[in-house]
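Each chain, written out:
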Amino acid sequence: MTLNYCYVFYQVALSQNITEAARRMHISQPSVSRSISLLEAELGKKLFIRSKNGVMFTEDGKLFFEYVSKGMKWLNKAELEIQETDKQGETITLGVSQLSIRTILPPILQEFSSSHPSVNLIIQTASSINTVDTLSDDLIDVAIVPDPVDTKPDIETIKLMDISNSLIAGQKYNYLQGRTIKLEELNHYPFIALSQGTAGRRWLNHLFMENALEISPTIEVPTSDLIVPLAKNNLGLGIVADIFIQNELSSGEIIKLSIDAELPPRSFILCYKKNKEQKTAVKDFIALVQKTCKT
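It should be emphasised that the depicted structure is a prediction, and the values quoted were computed from it without experimental measurement.

J.: Any details on the packing of helix α6 (residues 105-115) against helix α11 (residues 280-292)? Residues and values, ideally.
T.: The N-to-C vectors of α6 and α11 enclose an angle of 135°; their axes lie 10 Å apart at closest approach. As summarised for this structure, α6 and α11 are arranged oblique, according to the angle between their axes. Where α6 crosses over α11, the handedness of that crossing is right-handed. Each of Leu105, Ile108, Leu109, Glu111 and Phe112 in α6 lies in contact with α11, whose residues at this interface are Ala281, Asp284, Phe285, Leu288, Val289, Lys291 and Thr292.

J.: Account for helix α8 (residues 199-210), naming residues and giving values.
T.: In this model α8 runs 17 Å from its N-terminal to its C-terminal C-alpha over 12 residues, within 8% of the 16 Å that 1.5 Å per residue would give. If you check which residues of α8 are buried, you get Ala199, Gly200, Arg201, Trp203, Leu204, Asn205, Leu207 and Phe208. Two residues or fewer past α8, alanine 212 is found with a positive phi of approximately 55°.

J.: Explain the sheet that holds strand β7 (residues 165-170) residue by residue, including any values.
T.: Pairing is mixed across the open sheet formed by six strands, whose spatial order is β8-β12-β7-β11-β9-β10. Edge strands, defined here as strands with exactly one partner in the open sheet, are β8 (180-181) and β10 (219-221). Bridging between β7 and strand β12 (residues 254-259) involves four bridges; their strand directions are antiparallel. Paired with alanine 169 across the strands is isoleucine 255, a residue of β12. Of the strands in this sheet, β7, β9 (191-194), β10 and β11 (237-241) are in contact with α8, which crosses β9 at around 125°.

The rules behind the values
- Position numbers for residues count from 1 along each chain, tracking the sequence in the order it is written.
- Owing to the predicted nature of the model, reporting of local features is limited to residues with pLDDT of at least 70; listing and counting of side-chain atom pairs is limited to 80 or more, with chain, interface and lining totals taken over all residues.
- Just so you know, side-chain values use all the structure's heavy atoms and leave hydrogens and water out.
- Structural elements are reduced to axes, namely lines fitted to C-alpha atoms, with helices fitted over the stretch in contact, and the angle between N-to-C directions of any two is expressed from 0 to 180 degrees.
- By the criteria applied, helices consist of DSSP H or I runs no shorter than four residues and strands consist of E runs no shorter than two, each listed in order from the N terminus.
- The scheme is simple: roughly parallel for angles under 35 degrees, roughly antiparallel for over 145, roughly perpendicular for 65 to 115, oblique for anything else.
- Left-handed describes a crossing whose near helix is turned anticlockwise from the far helix through less than a right angle; right-handed describes the clockwise counterpart.
- What makes two residues a contact is simply this: any of their non-hydrogen atoms within 4.5 Å.
- How far a helix is expected to stretch is found by multiplying one less than its residue total by 1.5 Å.
- Only protein chains enter the area calculation, which uses a 1.4 Å probe; residues under 20% of their type maximum are buried, those over 50% are exposed, and those in between are partly exposed.
- Here, strands pair whenever DSSP counts at least two bridges between them.

Here is the structure:
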């Protein structure tokens, strides 16, 4: 097994499409297909199921990707560390969710960059759960994500600020204003929710389970910010963080609906390794985030 085969596998897995992976790597599609076939032959396992729409993992492929992706991230980190030796200043690698990078982080990053112009910031976005796993693997310095996430004993977790949530819909559903919708009724309407495996979906599942209900979304999306445009275009109801919807509420493109269940707030949390000797820049960044996001 060569590193090149693993790299090709990794790119195909990320794009879920052999043609797209070939384009990214600037090699021919037959070369990509051949590398995958040789890798599968060497492992004695099928890694992908091919279809006209692309490729999907087999169970073996999914397992292999978990290990290969960690290896590729370590190689990338090694490259960055080597490059850092030629630079003035330090490098901080941040793992953040789409929710945090689109809301609380931009002003923090702007202030930090102004006060630490020699520090190089590398920002990686992924789901909250995957980001915290990456921190555990020591591939990033700091994670800023919304809860709920599971952390290992070696991870320090600091609550930053609460995120309030609301039930929203497009103007097609304005006939629902003025009444209180029961939680179980959401399954009677088109309902937009986050995909399984995300922290936001875990939060939503828990909300329904506490009320002895199961959720049956009509549409599932990978990130919270995608719920708003879908709701705005009358594709269903959705529960989102209030910080996402201020402009649409002001313009009247979406409406807030009353719901009989309490929507508990989520929280942004900052995570870092407890017993790791942190760089000075990392300590300064953590201090700035805590000062900016006092609960």
